Amino acid sequence: MEKRPVNILLCTDNEGKIAEIRARWNVAGTKIWSIEEINSAFGLSLTAPNVVEDGHTLEENAWLKTEGWYKQLGPVLGQVFGGEIAFLAEDSGLFVYALPGKLGVFSKRFAPKEMQETMGVAQANNTQLLQLLTAVPTARRTGHYAAALCLVDISGEILFETTGELKVTIVTEARGSLGFGYDPLTVPNGQAKTFGEMTTEEKNSLGTHRTRALDQLVAWLQTQVA
Ligand code: ITT
């Protein structure tokens, strides 16, 4: 049995992901940190490592993120936390069945680069998705979100890996400004509102790709020695 990590750094600079993970976190004795929190708590000016996400799967990319982060930040954070720090990364994506191979692991890089630079990444991706689905009827505007989580210790050893999925439909017009990424275009099956119209708490309470993966990690951590 492993020892439950005392501190976990979230290896992401996506504020939306951080908010959703934080709202769901429920592990006594394990504190999760963003890089900004560590900087302000310890007077540091660490920056997020630039990780090349060239894996073929979300699982590979999640691991690549932990690898980039623990290698770059492990030495300094090991000192700050007396070795008591682990690294948690998440890679996720939207899989749209009418557009096979176009999003998925490439969800962040879906719209052309120039379009992303002009409009911003999320706005460009959403515009591109609506355009490519223009002729696709409602019944075929289906897909799923998936998330892969990877937790490594300070030496890069994988402690736990897991995935989660959630079926969605893609609406014909963006609705709502909450959340991030494709939230204004996606309605979880059985619901009426897009994620863009839901608070973090509402979104999490439905059970998302992210919370489904996270709940497994939390359950595993709770079985480890505190
Ligand atoms: P990292 O720092 O964790 O890498 P990121 O925003 O770059 O954050 P990913 O590489 O994992 O995230 O890319 C995920 C893509 O899928 C990105 O375009 C997200 O906006 C989108 N996505 C994932 N989960 C989502 C969710 O719950 N709601 C809306 N969009 C989501």
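In case you missed it, the structure is sitting above this.
Treat the numbers as computed from the prediction; the structure is a model and nothing was measured.

**Q** How would you explain the pairing of strand β1 (residues 7–10) if you had to name every residue and give the values?
**A** Strand residues, when the strand is regular, have side chains that alternate between the two faces of the sheet. Burial along β1 is two-sided: N7 and L9 and I8 and L10, pointing in opposite directions, are all buried. As judged from the three bridges shared by β1 and strand β2 (residues 31–33), these two strands associate in the parallel manner. Of the residues in β2, the one forming a bridge with L9 is W33. At this point the chain moves from β1, through helix α1 (residues 15–24), to the parallel β2, and the crossover so formed is right-handed. The pairing of β1 with strand β3 (residues 86–96) spans three bridges and is classified as parallel. Considered in β3, the bridge of I8 is made with A86.

**Q** Can you break down the sheet that holds β1 residue by residue, with the values?
**A** Taken in spatial order, the six strands make up an open sheet running β2-β1-β3-β4-β5-β6, and their pairing is mixed. Sheet topology places β2 and β6 (186–188) at the edges, where each strand pairs with a single neighbour. Pairs of neighbouring strands in the sheet enclose a mean axial angle of 35 degrees, with direction left out of account. Sheet analysis places strand β4 (residues 142–152) next to strand β5 (residues 158–170), joined by eleven bridges and oriented antiparallel. Across the sheet, the residue bridging to L149 is T162, located in β5. Lying on the sheet, helix α2 (residues 35–42) is in contact with β1 and β2; it crosses β2 at an angle near 95 degrees.

**Q** Residues and numbers for the site of the ligand, please.
**A** Around the ligand sit 20 residues, and of these K17, K65, K108, D183 and K203 come closest. Residue Y182 places a main-chain N or O atom 3.0 Å away from a nitrogen atom belonging to the ligand. Looking at the shell around the ligand, the elements with two or more residues in it are β3 and α7 (209–222). No other element matches the four residues that β3 contributes to the shell around the ligand. Residues belonging to the shell around the ligand are distributed by class as follows: three nonpolar, seven polar and ten charged.

**Q** Could you give me a rundown of the packing of α1 against α7, with the residues and numbers involved?
**A** Two elements in contact, α1 and α7, have axes whose closest approach is 10 Å; the angle formed by their N-to-C orientations is 45 degrees. With respect to α7, the element α1 is oriented oblique. By crossing handedness, the relation of α1 to α7 is classed as right-handed. Between α1, through K17, E20, I21 and R24, and α7, the contact on the second element is made entirely by R210, T211, L214 and D215. Of the residues that constitute the contact of α1 with α7, the class distribution is two nonpolar, one polar and five charged.

**Q** Could you give an account of a negative patch on the surface, naming the residues involved and the relevant values?
**A** Taken together, the side chains of D54, E59, E60 and E161 define an acidic patch exposed on the protein surface. Following the sequence through the fold, D54 ends up in the loop between α2 and α3 (58–80).

**Q** Describe in detail the pattern of salt bridges, supporting the description with residues and values.
**A** For the structure shown, the criterion picks out 13 salt bridges. Residue R22 pairs with E37 through a salt bridge whose shortest N-O separation is 2.9 Å. With a gap of 15 residues between them, R22 in helix α1 and E37 in helix α2 connect regions that are remote in the sequence. Classification of R22 by relative accessible area gives partly exposed; the value is 33%. A relative accessible area of 27% means that E37 is categorised as partly exposed. Between R210 and E90 there is a salt bridge, with the nearest N and O atoms lying 2.5 Å from each other. Of the two residues, R210 is situated in helix α7 and E90 in strand β3; the sequence distance between them amounts to 120 residues.

Calculation notes
- Residues numbered from 1 in each chain as written.
- Predicted model: local features only at pLDDT ≥ 70, side-chain atom pairs only at ≥ 80, totals over all residues.
- Heavy atoms only, no water.
- Buried < 20%, exposed > 50% of the residue type's maximum accessible area, 1.4 Å probe, protein only.
- Helix = DSSP H or I, 4+ residues; strand = E, 2+ residues; numbered from the N terminus.
- Pairing = 2+ DSSP bridges.
- Right-handed = clockwise from strand over helix to strand, strands pointing away.
- Axes fitted to C-alpha atoms, helices over the stretch in contact; angles between N-to-C directions.
- Contact = heavy atoms within 4.5 Å.
- Near = heavy atom within 4 Å.
- Polar contact = N/O pair within 3.5 Å; in protein donor to acceptor, adjacent residues only side chain to side chain.
- Nonpolar A, V, L, I, M, F, W, Y, C, P; charged D, E, K, R; others polar.
- Parallel < 35°, antiparallel > 145°, perpendicular 65-115°, else oblique.
- Left-handed = near helix turned anticlockwise from the far one by under 90°.
- Patch = residues over 30% accessible without salt bridge, like charges linked within 9 Å, V, L, I, M, F, W, Y side chains within 5 Å.
- Areas by Shrake-Rupley, 256 points an atom, 1.4 Å probe, with all protein chains shown as cover.
- Salt bridge = Lys/Arg side-chain N within 4 Å of Asp/Glu carboxyl O.
- Lys, Arg positive; Asp, Glu negative; His and termini not counted.
- Charge placed at Lys NZ, Arg CZ, Asp CG, Glu CD.

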